[in-house]
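A closer look at the structure
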Amino acid sequence: MLPTPEEVPGAGSRDTETRPAPEPLNRVQALINSADLVSGVDRLADPASSQQWLEAQGLIAPACFPTAEELSTIRGFREALRALVAHNSDGPAPTEEQLAPLNSIAHLATAHVQLDADGNVRMVPVGDGLPGRLLALLLVIADAQREGSWAHFKACANEGCRRAFYDRSRNHRSTWCDMGRCGNRVNNRMFRARRGHRDT
């Protein structure tokens, strides 16, 4: 059985998010924000540097290293999640191509019904491999959609940022950052990239 957020060291940590989603939706937020599109920093850039973070998030088994193929699967899954959350912020509906990584996991992995000691019914992924661990995140999303918190889980409207955040404002119209400041950060990154390309 997969560990719960409380059982995974660091998985429930909110210290890196200024606008964290509630547990366990914060696990989805952590995965999306593992790539900072503005700075270009990606926690999942390569198997060796990503192992500790993936283990802390419960996405790989303890003391295991992800293969390059598994890491590619996780990154594709992450960007599909980003497209879903962007839609919550009045962005376009995800395309079939964007959703393909999520549908692939949904077809690969299975779940079964489990009752806890209080008689609460929940779906639990079968198996300890990567498909089951990613399916667990889809089940978190399903629960969030059902109970209403999903609608408040958003992403920056700037396509060059798309940082995921949880909107706790009264009118639920909050944005991650104002477009001027966010746009300037993205433009500065693009300028540095172009300048670096010319210097080579």
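Since the model is a prediction, treat every value here as computed from it, not as a measurement.

A count of helical and extended segments in the chain gives six helices and four strands. Secondary structure elements of the chain occur, N-terminal to C-terminal, as α-α-α-α-β-β-α-β-β-α. For the chain, contacts bridging at least 24 residues in sequence account for 53% of all contacts bridging at least 6.

This next bit is on the confidence of the model for the chain. Mean pLDDT over the chain: 85, with 78% of residues reaching 70 or higher. Taken as a whole, residues 1-15 scores under 50 in pLDDT and shows 36 contacts with residues more than four places along the chain or in a different chain.

On to the packing of helix α3 (residues 68-88) against helix α5 (residues 130-147), then. One can describe the packing of α3 onto α5 by two numbers: an axis separation of 11 Å at closest approach and a directional angle of 10°. When the axis of α3 is compared with that of α5, the two are roughly parallel. Two secondary-structure elements touch here, α3 through E70, T73, I74, F77 and L81 and α5 through L130, L134, L137, L138 and I141.

Counting 36 residues, the largest nonpolar core has L25, V28, L31, F77, L81 and F153 as its most contacted members. For this core, the elements supplying multiple residues, two or more each, are α1 (25-32), α2 (47-56), α3, α4 (96-108), α5, β3 (153-155) and β4 (164-166). It is α5 that provides the largest number of residues to this core, a total of nine residues. Once residues lying within four places of it in the same chain are set aside, the contact partners of F77 are L31, P101, L102, I105, L134, L137 and L138.

A few words now on α2. Count 3.6 residues to each turn of an α-helix, and residues three or four apart come out pointing the same way. Among the residues of α2, S50, Q51, W53 and L54 are the ones counted as buried. The inward-facing, buried residues of α2 contact α1 and α3. Its side-chain oxygen placed 3.2 Å from the backbone nitrogen of A48, D46 serves as the N-cap of α2. Looking one or two places after α2, you find G58, whose phi comes out positive at around 75°.

What follows is about the side chain of N158. Considering the arrangement of structural elements, one finds N158 in the loop between β3 and β4. Separated by 2.9 Å, the side chain of N158 and the backbone nitrogen of G160 make a polar contact.

Their axes nearest at 7 Å, the elements α3 and α4 cross at an angle of 120°. Classified by the angle their axes make, α3 and α4 are oblique. For the pair α3 and α4, the crossing hand works out as left-handed. Contacts between α3 and α4 pair T73, G76, F77, A80, L81, A83 and L84 from the former with Q98, L99, P101, L102 and I105 from the latter. Across the contact of α3 with α4, the residue classes tally to nine nonpolar, three polar and no charged.

Thresholds applied
- Residues numbered from 1 in each chain as written.
- Predicted model: local features only at pLDDT ≥ 70, side-chain atom pairs only at ≥ 80, totals over all residues.
- Heavy atoms only, no water.
- Helix = DSSP H or I, 4+ residues; strand = E, 2+ residues; numbered from the N terminus.
- Contact = heavy atoms within 4.5 Å.
- pLDDT = per-residue confidence, 0-100.
- Axes fitted to C-alpha atoms, helices over the stretch in contact; angles between N-to-C directions.
- Parallel < 35°, antiparallel > 145°, perpendicular 65-115°, else oblique.
- Core = buried A, V, L, I, M, F, W, Y, C linked by side-chain atoms within 4.5 Å.
- Buried < 20%, exposed > 50% of the residue type's maximum accessible area, 1.4 Å probe, protein only.
- Polar contact = N/O pair within 3.5 Å; in protein donor to acceptor, adjacent residues only side chain to side chain.
- Left-handed = near helix turned anticlockwise from the far one by under 90°.
- Nonpolar A, V, L, I, M, F, W, Y, C, P; charged D, E, K, R; others polar.

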